[in-house]
Amino acid sequence: MFVVLQKSVRYFVRSRNALMYGTTMLLKEEAVATLKQFDIGEKFSYLPALPKASVLIPLFVRAGQLHTLLTLRSKELRTSAGEVCFPGGKKDPSDQDDVETALREAQEEIGLPPDHVEVVCTLFPVISKQRGLLVSPVVGFIEETFNPTPNPSEVSAVFAVPLDFFIREKDHYATSGVAGVIGTLHSFYFRDPASGTQYHIWGLTAMLATLVAALALKKKPEFDVGFDFVDPLIFFKKLLHKKLSKL
């Protein structure tokens, strides 16, 4: 009787694990297929030469949900100190392209090996008004088991956020008429259940997180974002050109 019970438990565990693995792979495959449709390719190759930067938007599946990783920048940094950002930074002369910049910076900041990232796409470039940089968002999948090792000179904390957090109204705040900001400034307050710390996610980081969430989940945000999430290219082109005209 005991042996039969053991076999039943093992069968249940194997079946549950197989179901969870299948769900994880399905979520990932659907997100990858959707996001690849928005890869910019050479669509913005006509842009003038500007100082460039890239960020990595790392995605993974945990407990049946898509998540992303964010960092809290060190308060000792000269720019954006103490702000929540995706891993990333300025392009080095040795970087071959935007993807290499994003992967190199992620390795330097949180210890993420480049060969542990499945690069999916590069999304629409945006202007960081604060630093005058042309920023390329690179989206990639990482393993859920990745354990960040933050570089203390650059990063104070690393935390995970469910992607659908960025399309819900509950913790979203919108501000209009902010100096230097074209359109609405979006922000979120997220309390990390692992540490209890509350993070303020705003500006460019909030916009990129909302964009990726809307695209990957194929869901319209519960608040007005100003772009058509089914085909956001036109909106981001107009936004980019407006900001370029003010440089």
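Everything discussed here concerns the structure shown above.
Residues numbered from 1 in each chain as written. Predicted model: local features only at pLDDT ≥ 70, side-chain atom pairs only at ≥ 80, totals over all residues. Heavy atoms only, no water.

Colleague: So what about the environment of S153? Which residues, and what values?
Modeller: Among the secondary structure elements, S153 is positioned in the loop between β7 (133–141) and β8 (155–162). With 80 residues separating them along the chain, S153 and R73 place their C-alpha atoms 8.9 Å apart. Ignoring any residue separated from it by four or fewer positions in sequence, one finds S153 in contact with S74 and L77. A polar contact of 2.8 Å, which involves the side chain of S153, links it to the side chain of N151. (Helix = DSSP H or I, 4+ residues; strand = E, 2+ residues; numbered from the N terminus. Contact = heavy atoms within 4.5 Å. Polar contact = N/O pair within 3.5 Å; in protein donor to acceptor, adjacent residues only side chain to side chain.)

Colleague: Help me get a handle on the packing of aromatic side chains, residues and values and all.
Modeller: Evaluation of the coordinates by the stated rule reveals 13 aromatic pairs. Residues F165 and F190 carry aromatic rings whose centres are separated by 5.1 Å and whose planes lie at 75° to one another, so their mutual orientation is edge-to-face. Remark: F190 occurs in strand β10 (residues 185–191) and F165 occurs in the loop between β8 and β9 (172–175); sequence separation between them is 25 residues. When sorted by exposure, F165 lands in the same class as F190, which is buried. Aromatic rings pair up to connect F159, F165, F166, F188, F190, Y199 and F223 into one cluster. Over the ring of F44 we find K237; its NZ or CZ atom is 6.0 Å from the centre of that ring. (Phe/Tyr/Trp six-rings, centres within 6.5 Å; stacked < 30°, edge-to-face > 60°. Buried < 20%, exposed > 50% of the residue type's maximum accessible area, 1.4 Å probe, protein only. Lys NZ or Arg CZ within 6 Å of the ring centre and 35° of its normal.)

Colleague: Please give an account of the side chain of D98 that cites residues and values.
Modeller: Turning to its location among the elements, D98 is positioned in helix α2 (residues 98–110). Note on D98: relative accessible area 15%, which makes it buried. Not counting the four nearest positions on each side in its chain, D98 is found in contact with K52, S54, S136 and V138.

Colleague: Which residues make up helix α4 (residues 233–245), and what values do they have?
Modeller: Taking 1.5 Å of rise per residue, the 13 residues of α4 would be expected to cover 18 Å, and the 18 Å separating its terminal C-alpha atoms lies within 8% of that figure. Taken residue by residue, α4 has L233, F236, L239, L240, K243 and L244 as its buried positions. One side of α4 carries all its buried residues, which in axial view fall inside an arc of 135°. In α4, those exposed residues whose orientation departs by more than 90 degrees from the buried face are I234, K238 and S245. (Expected span 1.5 Å × (residues − 1). Arc of directions from axis to C-beta.)

Colleague: Provide a residue-level description of α2, including the pertinent values.
Modeller: If you check α2, its first and last C-alpha atoms are 18 Å apart, about what 13 residues at 1.5 Å a residue would give, namely 18 Å. Packing partners of the buried residues in α2 comprise β1 (52–62), β2 (65–73), β4 (88–90), β5 (118–122), β7 and β8. The N-cap residue of α2 is D97: its side-chain oxygen and the backbone nitrogen of V99 are 3.3 Å apart. Positive phi appears at G111, one or two residues downstream of α2, with a value of about 75°.

Colleague: Can you explain the environment of V61? Please cite residues and give values.
Modeller: Here V61 lies in strand β1. For the pair V61 and E144, spaced 83 residues apart in sequence, the C-alpha separation works out to 6.2 Å. When sequence neighbours within four positions are dropped, the list of residues in contact with V61 reads T24, L27, K28, L66, F141 and E144.

Colleague: Which residues make up the pattern of salt bridges, and what values do they have?
Modeller: Summed over all chains, the structure comprises eight salt bridges. Note that E105 and R104 form a salt bridge whose closest N and O atoms lie 3.2 Å from each other. Of the two residues, E105 and R104, both sit in the buried class. As a salt-bridge pair, R168 and D164 come within 3.0 Å of each other at their nearest N and O atoms. (Salt bridge = Lys/Arg side-chain N within 4 Å of Asp/Glu carboxyl O.)

Colleague: Before we move on, could you go through the nonpolar core and cite the residues and values that matter?
Modeller: Membership of the largest hydrophobic core comes to 58 residues, with the highest contact counts inside it found for F166 and I201. The element best represented in this core is helix α3 (residues 203–217), accounting for 10 residues. Apart from residues no more than four positions distant in its own chain, I201 is found in contact with L70, V84, F159, F166, H186, S187, F188, F190 and A206. Ranked by size, the runner-up nonpolar core spans 13 residues in total, among them L56, L103, L112 and V138. (Core = buried A, V, L, I, M, F, W, Y, C linked by side-chain atoms within 4.5 Å.)

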